[in-house]
Amino acid sequence: MAEIMFWEALQRAHDEEMARDPLVYCMGEDIGVAGGTYKATKGLYEKYGAERVIDTPISENGFTGLGIGSSFLGCRPIIEIMSVNFAWLAMDQLFNTAAKVHYMSGGQLMAPVVVRSPGGTAHMLGAQHSARMEKVFMGIAGLRVVTPSSPRQAYGLLKSAVRCNDPVFINEHEMMYNMKGDVPDEEYFLPLEGSEISRGGKDVTLFGYNVSVYWCQQAAEILSRNHNIDAEVVDLYCLSPLDREGIKRSVSKTHRAVIVEEAEPAVGVGAEVMAIINEDCFYELDAPPVRVSAENTPIPYNHKLERAAIPDIHNVVDAVLKMFGRT
Amino acid sequence: MDSDLKKKLLREMLFARRFEERCYEAYVERKIGGFLHLYSGEEACAHGVLEAARPGQDYVITSYRDHVHAIKCGMDPKVVMAELFAKETGCCKGLGGSMHIFGVEQRFMGGYALVGGPFPLAAGIAKGIQMKGGDEICICFLGDAANNQGTFHESLNMAKLWNLPVLYVCENNLYGIGTRIDRSTAVVDQYKRVSSYNIPSAQADGQDVEVVYEAAQKAVDHVRSGKGPYFLELMTYRYRGHSMSDSNAYREKKEERMWGGRDPIIMLRDSLIEAGETSAEKFKAMDAEILEEIENEVIRFAEESPEPSMDLLHKYVMTENDPYVKGGSK
């Protein structure tokens with residue numbers, strides 16, 4: 001076990017998979033000679049050469065489609081889209097081809113591509129570089145969506161995604177690449193379906209994913225320390241498919257649910273988890289489920305306004321206290 | 001082109017025409033649903049190009065006007081028709097339809113319904129060939145109107161940049177759905193547009209299969225010899241509307257008559273008759289034989305095949321039993 005950074009975990013997974021299988025390759029903007037905006041492919045260009053660590057033109061739909069086409073022949077591309085804001089441009093190929101080709105070919109073709117892309121609100125990047133897009137990807141049948149919240153997950157999910165025969169979208173976060181965490185030294189693979197209990201508790205379940213897992217964890221500490229509320233934190237690291245069983249299990253234990261998301265509320269993870277609770281364990285509830293979401297605005301440039309647009313730990317604590325009638 | 005090859009192509013092209021025209025009838029009879037885009041009039045393009053390549057070994061990808069390319073790649077017409085009839089015996093088990101014919105065994109990598117969508121997929125298939133080290137090529141057939149999509153430019157750029165073995169064939173039928181090319185496209189000669197990517201290109205008569213074949217031989221040789229992508233523009237015309245829902249009101253009768261007089265099948269037939277290699281009677285007999293084959297074998301197979309079972313609804317959303325979904329074996 002070593003403590004390494006999020007980007008180092010990704011780099012290690014890339015390196016191991018490329019060393020194992022000559023048909024694994026990676027491509028994206030600035031990932032080769034420049035080493036990657038977030039260093040996820042650092043050193044790989046020197047090791048594997050320009051044909052397997054490809055610096056692409058700024059043509060997101062084009063190179064995503066190219067990766068998908070190569071996957072029809074058994075290649076395993078790991079495509080980095082520099083920012084999810086740019087992934088909008090690749091939606092045609094991701095949604096119309098990657099997600100549907102296995103189905104519409106009657107099972108003849110597979111598109112085992114991995115697309116990694118960071119999103120989220122970073123620091124004063126403005127409206128067109130701060131999108132939170134997971135809600136869009138998770139709504140498409142035929143596409144798997146995972147979102148790692150730690151270096152351990154980043155490594156284990158990328159390893160499984162590369163070997164999985166389905167297309168997998170990995171939603172990363174701009175602010176997490178330098179985060180440190182323990183990663184086992186031996187090779188391992190994380191399931192592409194499921195969730196993890198990142199903190200056990202009995203009074204309320206806080207559902208988070210990606211960066212909001214940390215808001216949930218810190219809120220749980222405050223709730224425990226100051227308010228004698230024992231919160232469970234469930235990390236929904238698989239967004240499509242969502243872990244129905246895991247959601248039901250936790251809500252059946254705590255009987256209360258708060259879903260915390262960095263994105264705008266409409267048609268989002270919170271809405272979907274609430275629907276699952278409603279369908280699968282409504283009578284387990286002691287209180288109506290609550291969402292803690294971003295404001296329904298584009299992300300402003302001004303830092304104070306930017307912070308006000310997305311939730312924080314205190315919003316989570318307040319939502320739980322309100323649920324318990326403590327405010 | 002020797003006369004045996006010409007005769008073979010005449011039979012194949014006539015079969016393609018009769019197949020497509022029978023699809024028209026089946027659509028009117030409501031046996032075929034959805035959108036149906038017919039290839040009548042453009043037969044010399046697919047046949048001339050693929051005859052110069054290695055159908056079944058080279059990879060082929062195209063748009064929604066895909067039945068004839070699929071058959072020329074070696075797919076069984078019965079299985080294609082069964083797909084159009086939405087039957088379980090169809091190539092995609094009734095999940096694809098007319099716009100999504102696939103025959104991966106024959107390396108027909110599919111028909112796609114987003115205009116311009118296959119451009120980068122073809123470049124990717126070529127990238128796959130390059131990584132695996134074979135001497136196959138990828139041939140991408142698309143219409144002229146697809147060239148106004150961003151994928152055209154993005155893909156040509158990457159194909160040239162990375163020297164990918166891909167042949168782009170532009171079947172220029174002069175219309176993008178119902179809009180004439182000079183009303184939608186600033187540069188009407190499509191082969192000129194690729195010069196900005198330094199990709200060699202040519203324009204040829206797409207109604208004369210011999211001309212197509214010769215132009216394609218040059219194009220295929222270029223790509224197969226490792227010189228990178230090539231763009232071949234074939235001037236052609238579709239005798240039917242864009243799809244079956246097309247009233248065809250946007251084309252002038254004079255223009256239709258002109259192109260009708262350049263029917264690729266009639267042109268090939270007449271050149272064979274002139275050379276004394278066939279006769280009007282023999283052609284008629286062949287036509288009757290083809291019509292009978294389509295009726296008694298192809299249509300019958302499609303008609304008599306079962307509907308897909310209901311469990312197919314969910315079967316191919318994701319691949320089955322993938323161990324890594326559960327976290328692998330380790």
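Residues numbered from 1 in each chain as written. Chains lettered and ligands numbered in written order. Predicted model: local features only at pLDDT ≥ 70, side-chain atom pairs only at ≥ 80, totals over all residues. Heavy atoms only, no water.

### Some words on the overall build of chain A
- Within chain A one finds 13 helices and 14 strands.
- Over its C-alpha atoms chain A spans a radius of gyration of 20 Å, differing by no more than 12% from the 20 Å that the globule rule assigns to 327 residues.
- Summarising its shape, the C-alpha atoms of chain A cover approximately 60 × 45 × 40 Å along the three principal directions.
- In chain A, which comprises 327 residues, the proportion classed as buried is 64%.
- Looking at charge distribution, chain A has the averaged site of its 29 positive side-chain charges lying 3 Å from that of its 43 negative ones. (Helix = DSSP H or I, 4+ residues; strand = E, 2+ residues; numbered from the N terminus. Rg over C-alpha atoms; globule rule 2.2 N^0.38 Å. Buried < 20%, exposed > 50% of the residue type's maximum accessible area, 1.4 Å probe, protein only. Lys, Arg positive; Asp, Glu negative; His and termini not counted. Charge placed at Lys NZ, Arg CZ, Asp CG, Glu CD.)

### Here we look at the overall build of chain B
- Looking only at helices and strands, chain B has 13 helices and 8 strands in total.
- Each of the three principal axes of chain B carries a C-alpha extent, and together these read 70 × 50 × 40 Å.
- Counting contacts in chain B only where the partners sit at least 6 residues apart, residues at least 24 apart contribute 75% of the total.
- A gap of 3 Å separates the mean positions of the 40 positive and 50 negative side-chain charges of chain B. (Contact = heavy atoms within 4.5 Å.)

### So, the sheet that holds strand 2 (residues 24-28) of chain A
All names here are of chain A.
- Spatial strand order, 3-2-4-5-7-6-12: 7 strands in an open sheet with mixed pairing. The open sheet is flanked by strand 3 (53-55) and strand 12 (238-240), the only strands paired with a single partner. When the angles between neighbouring strand axes are averaged without regard to direction, this sheet yields 20°.
- As judged from the 6 bridges shared by strand 5 (residues 114-119) and strand 7 (residues 168-173), these two strands associate in the parallel manner. Counted as the bridge partner of Gly 119 is His 173 from strand 7. (Pairing = 2+ DSSP bridges. Axes fitted to C-alpha atoms, helices over the stretch in contact; angles between N-to-C directions.)

### What to know about the pattern of salt bridges
- All chains considered together, the criterion is met by 50 salt bridges over all chains.
- In this structure, Asp182(B) engages Arg180(B) in a salt bridge whose closest nitrogen and oxygen atoms are separated by 2.6 Å.
- A single salt-bridge network, built from bridges that share partners, covers Arg12(A), Glu16(A), Glu17(A), Arg20(A), Lys159(A), Arg163(A) and Glu187(A). (Salt bridge = Lys/Arg side-chain N within 4 Å of Asp/Glu carboxyl O.)

### As for helix 1 (residues 3-28) of chain B
Residue and element names in this part refer to chain B.
- If you check helix 1, its first and last C-alpha atoms are 37 Å apart, about what 26 residues at 1.5 Å a residue would give, namely 38 Å.
- Where helix 1 begins, the side chain of Asp 2 points an oxygen toward the backbone nitrogen of Asp 4, at a separation of 3.1 Å.
- Looking one or two residues past helix 1, Arg 30 carries a phi angle of roughly 65°, positive in sign. (Expected span 1.5 Å × (residues − 1). Polar contact = N/O pair within 3.5 Å; in protein donor to acceptor, adjacent residues only side chain to side chain.)

### Thoughts on the domain arrangement of chain A
All names here are of chain A.
- Along its sequence, chain A is organised into domain 1 (2-183) and domain 2 (196-323).
- Taking the mean C-alpha position of each, domain 1 and domain 2 sit 26 Å from one another.
- Contacts between the two partners involve 29 residues from domain 1 and, on the opposite side, 32 residues from domain 2.
- The contact between domain 1 and domain 2 buries some 2,400 Å² in all, and 54% of this surface belongs to carbon and sulfur atoms.
- On inspection of domain 1 and its partner domain 2, the count reaches 2 salt bridges.
- A salt bridge links Arg 152 to Glu 196; the nearest nitrogen and oxygen atoms lie 2.7 Å apart.
- Linking domain 1 with domain 2 are 21 residue pairs in polar contact (both at pLDDT 80 or more), by the criterion used here.
- Elements with a minimum of two residues in the side of domain 1 that touches domain 2: helix 7 (134-137), strand 6 (144-146), helix 8 (151-163) and strand 7.
- Classifying every residue of the side of domain 1 that touches domain 2 by side-chain character gives 12 nonpolar, 11 polar and 6 charged. (Domains from an automatic or database assignment. Buried area = accessible area lost by both parts, 1.4 Å probe. Nonpolar A, V, L, I, M, F, W, Y, C, P; charged D, E, K, R; others polar.)

### Here we look at the environment of Ile79(A)
Residue and element names in this part refer to chain A.
- Structurally, the position occupied by Ile 79 is in strand 4 (residues 76-80).
- Remark: the alpha-carbon pair of Ile 79 and Arg 249, spanning 170 residues in sequence, is separated by 35 Å.
- Residues in contact with Ile 79, not counting those within four places in the same chain, are Met 27, Phe 63, Thr 64, Gly 67, Val 114, Val 115 and Arg 116.

### What to know about the pairing of strand 13 (residues 257-260) of chain A
Residues and elements named next belong to chain A.
- Side chains of strand 13 alternate between two faces, with Ala 257 and Ile 259 and Val 258 and Val 260 buried alike.
- Taken together, the 3 bridges between strand 10 (residues 204-208) and strand 13 define a ladder with parallel strand orientation. Bridging across to strand 13, Phe 207 finds its partner in Ile 259.
- The pairing of strand 13 with strand 14 (residues 290-292) spans 3 bridges and is parallel. Bridged to Val 260 within strand 14 is Val 292.
- Each parallel crossover has a hand, and the one from strand 13 via helix 11 (residues 269-280) to strand 14 is right-handed. (Right-handed = clockwise from strand over helix to strand, strands pointing away.)

### A word on the packing of helix 1 (residues 6-20) of chain A against helix 8 of chain A
Residue and element names in this part refer to chain A.
- At a minimum axis separation of 8 Å, helix 1 and helix 8 run at an interaxial angle of 25°. As far as their axial angle goes, helix 8 and helix 1 are roughly parallel. Crossing angle aside, the handedness with which helix 1 passes helix 8 is right-handed. Here helix 1 contributes Phe 6, Ala 9, Leu 10, Arg 12, Ala 13, His 14, Glu 16, Glu 17 and Arg 20 to the contact with helix 8, which in turn contributes Pro 151, Ala 154, Tyr 155, Leu 158, Lys 159, Val 162 and Arg 163. (Parallel < 35°, antiparallel > 145°, perpendicular 65-115°, else oblique. Left-handed = near helix turned anticlockwise from the far one by under 90°.)

### Examining the layout of surface pockets
Residue and element names in this part refer to chain B.
- Taken as a whole, the largest pocket holds about 260 Å³ of empty space.
- Taken together, 21 residues form the lining of the largest pocket, with Tyr 64, Gly 143, Asp 144, Ala 145 and Ala 146 sitting closest to its centre.
- Mapped by element, the contributors of at least two residues to the lining of the largest pocket are strand 3 (138-143) and strand 5 (175-176).
- In terms of residues, the lining of the largest pocket owes the most to one element, strand 3, which gives 3 residues.
- Here the lining of the largest pocket is built from residues that sort into 8 nonpolar, 8 polar and 5 charged. (1 Å grid on protein atoms, 1.4 Å probe; cavity = no way out; pocket = protein on both sides within 12 Å on 5 of 7 lines; lining within 4 Å. Points joined across faces, edges and corners; volume = space filled by probe spheres on them.)

### Some remarks on the packing of aromatic side chains
- One pass over the structure, following the stated rule, counts 14 aromatic pairs over all chains.
- Both rings, one in Phe137(A) and one in Phe169(A), keep their centres 3.7 Å apart while their planes meet at 10°; by these two values the pair is stacked. Taken together, the residues span a long stretch of sequence, with Phe137(A) in helix 7 and Phe169(A) in strand 7 at a distance of 32 residues.
- Seen from their ring centres, Tyr237(B) and Trp259(B) are 5.3 Å apart, and the 5° between their planes marks the pair as stacked. Here Tyr237(B), found in the loop between strand 8 (230-235) and helix 10 (253-260), pairs with Trp259(B), found in helix 10; they are 22 residues apart in sequence, far enough to count as distant. Taken individually, Tyr237(B) and Trp259(B) each receive the classification buried, so the pair is uniform in this respect.
- Grouping aromatic residues by their ring pairs yields a cluster made of Phe119(B), Phe152(B), Tyr168(B) and Phe231(B).
- Looking at Arg251(B), its charged tip hangs above the ring of Tyr175(B), at a distance of 5.7 Å from the centre. (Phe/Tyr/Trp six-rings, centres within 6.5 Å; stacked < 30°, edge-to-face > 60°. Lys NZ or Arg CZ within 6 Å of the ring centre and 35° of its normal.)

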